[in-house]
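One-letter residues, chain by chain:
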Amino acid sequence: MQSDSDVEGAQMRAPSGAASGVTSGVGEALAADVAGESGTMSPGSSEVEALRDVPTLADIRIDDQQMASFEEFRATFAASAGEAAAERLTLGCVVRLDRGFPLVAHQGGVLRAEHAVAFAKRDRGCGDALPAIGDIVAVRIDPAHDFGVIEAVMPRRTSFARWRGKNRGERQVLAANVDRILVVQPLGGGRQTGSFLRDRIARALVLVHDCGAEPAVVFTKSDRASDDEIADALRVAQALAGSEARVLVSSATEREGLAEIRALVPPHTCAMILGESGAGKSTLLNALLGHDALTVGAVRERDDKGRHTTVARVMCKLPGAYGVIADAPGLRSMTLLGHEAGLARAFPDIAQVAEACRFRDCTHTHEPGCAVRAAGASGEIDPIRIEAALALASEMRVSAQSLDPDVRL
């Protein structure tokens, strides 16, 4: 199984004979294996067949700030490296990260690209030390070399990051510039109790709101659940996500709900699929694409948990008049740390009512004069939302205590 460090480690190495000003260390065989002689995918290569769903640059939204930042960087680059080198810069988008080098879509096609030395000099503990899928980048393409060179990352509209679980509070960006995140949760399987659904969906919603994307909840494997189980799951999800959020039910086996999910991804937008291992993410994406683009795996019967089958982070263009979906390996856990802003955005009604609490540091558990508990008792706020928000707030307070004293989130 490929770990995140495997992906990042491979990305930091570069082939021998590469352009000056880039990292080096991997042999020419890698370039011949994945890119052919020119570094640009040839129409007959096996990788092109495997990556036939990769979007073109025309499918990607590049906003005015990113365009302006590219022009500013180009001027700075020309001043330091010369106008001839700056003329080889072009805008690109990172559309795949795997054991090889990042795959970048640019105006002329797609190519593998290595990182400029500046990336290797950055703090590896920093969450944005390397480009993520969806990143808009300045890539230098030199016809004399096999690989492009990613020189800079343009400002991100949104950035979905996870905590890497260390006491330094390190974060890892999984995807950038996503407009909507599909929170995928499987139905059936014996684990979908009310508290389980509440916890999984609520913490995912906090992460989504923290990164600035729009959430939608997608239940998969509806063919395994009864009508009553589906109705209960929809009630919990809608209460947590809010009345205006989309909550959909799907079954790849029965081809149910696929059109509704595609409609959530209009042209020139990017959605990301977020879910745990075994949630049916790869099966869902294959159904949306209309063919088996990603490997799928079985889940254990005793606990309905899966194992990682997605070992790359990829962007796929949906067929027809739709946008792009980003897929990443399933998360075994979604730790919340320093996501107070996301919590407030996910539960704005609770944050607003809490301003009326008698005590400013009210935990909404036992203090007298708690406006939040009163709102729950009166029905003003659904108790499901209050239970979820309080549980996650308590978890974040405990998690923050595990950090080194000098870490500032």
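Structure shown above.
These numbers come from a predicted model, not from an experiment. (Residues numbered from 1 in each chain as written. Predicted model: local features only at pLDDT ≥ 70, side-chain atom pairs only at ≥ 80, totals over all residues. Heavy atoms only, no water.)

## Some words on helix H8 (residues 227-241)
Piece 1. A rise of 1.5 Å per residue sets the reference length of H8, with its 15 residues, at 21 Å; its end C-alpha atoms lie 21 Å apart and thus fit the reference within 8%.
Piece 2. Buried within H8 we find Ile230, Ala233, Val236, Ala237, Ala239, Leu240 and Ala241.
Piece 3. Directly beyond the C-terminal end of H8, a positive phi value near 100° is found at Gly242. (Helix = DSSP H or I, 4+ residues; strand = E, 2+ residues; numbered from the N terminus. Expected span 1.5 Å × (residues − 1). Buried < 20%, exposed > 50% of the residue type's maximum accessible area, 1.4 Å probe, protein only.)

## Here's the deal with the pairing of strand S2 (residues 103-106)
Piece 1. Covered by surrounding structure in S2 are Leu103 and Ala105 together with Val104 and His106, the residues of both alternating faces.
Piece 2. The sheet contact formed by strand S1 (residues 89-97) and S2 spans 4 bridges and is antiparallel. Residue pairing for S2: Cys93 is matched across the bridge by Ala105.
Piece 3. Linking S1 to S2, which pair antiparallel, is a turn of 5 residues.
Piece 4. Pairing analysis gives 4 bridges linking S2 to strand S3 (residues 109-115), with the strands arranged antiparallel. Across the sheet, Ala105 pairs through a bridge with Val110, a residue of S3.
Piece 5. If you look at the hairpin formed by S2 and S3, you'll find 2 residues sitting between the two strands. (Pairing = 2+ DSSP bridges.)

## Things to note about unusual backbone geometry
Piece 1. A positive phi angle, close to 65°, is found at His268, a residue other than glycine.
Piece 2. Locating His268 in the fold gives a position in the loop between helix H9 (258-262) and strand S11 (270-274).

## Observations regarding the packing of aromatic side chains
Piece 1. Enumeration over the complete set of coordinates arrives at 2 aromatic pairs.
Piece 2. Where Phe101 meets Phe147, the ring centres are 4.9 Å apart and the plane angle is 80°; that geometry is what we call edge-to-face. Taken together, the residues Phe101 in the loop between S1 and S2 and Phe147 in the loop between strand S4 (136-140) and strand S5 (148-153) connect sequence positions 46 residues apart. Each member of the pair, Phe101 as well as Phe147, carries the same accessibility label: buried. (Phe/Tyr/Trp six-rings, centres within 6.5 Å; stacked < 30°, edge-to-face > 60°.)

## Here's the deal with helix H13 (residues 371-378)
Piece 1. For H13, every residue scored as buried is listed here: Ala371, Val372, Ala375 and Gly376. Down the axis of H13, the sector holding all buried residues measures 140°, keeping them to one side. With respect to the buried face of H13, the exposed residues turned more than 90 degrees away are Ala377 and Ser378.
Piece 2. Positive backbone phi, approximately 90°, marks Gly379, located one or two places after H13. (Arc of directions from axis to C-beta.)

## As for the environment of His106
Piece 1. Locating His106 in the fold gives a position in strand S2.
Piece 2. Accessibility expressed as a relative area gives 11% for His106, which makes it buried.
Piece 3. Dropping the residues within four chain positions of it, His106 is found in contact with Leu57, Thr90, Leu91, Gly92, Leu111 and Ile141.
Piece 4. Of the polar contacts made by the side chain of His106, one reaches the backbone nitrogen of Gly108; its length is 3.0 Å. (Contact = heavy atoms within 4.5 Å. Polar contact = N/O pair within 3.5 Å; in protein donor to acceptor, adjacent residues only side chain to side chain.)

## Structural notes on the pattern of salt bridges
Piece 1. The full count for this structure, using the stated rule, is 15 salt bridges.
Piece 2. Between Asp179 and Arg61 there is a salt bridge, with its nearest N and O atoms 3.3 Å apart. Note that Asp179 is positioned in the loop between strand S7 (171-176) and strand S8 (180-186) and Arg61 in the loop between helix H3 (46-50) and helix H4 (64-81), a separation of 118 residues in sequence.
Piece 3. Residue classification places Asp179 among the partly exposed residues on the basis of a relative accessible area of 24%.
Piece 4. In this structure Arg61 comes out as partly exposed when scored by relative accessible area, which is 39%.
Piece 5. Of the charged contacts, one joins Arg96 and Asp98 as a salt bridge, the two residues approaching to 2.6 Å between their closest N and O atoms.
Piece 6. For Asp98, a relative accessible area of 10% corresponds to the buried category.
Piece 7. Ionic contacts of the salt-bridge type, sharing partners, join the residues Arg61, Asp63, Arg157 and Asp179 into one network. (Salt bridge = Lys/Arg side-chain N within 4 Å of Asp/Glu carboxyl O.)

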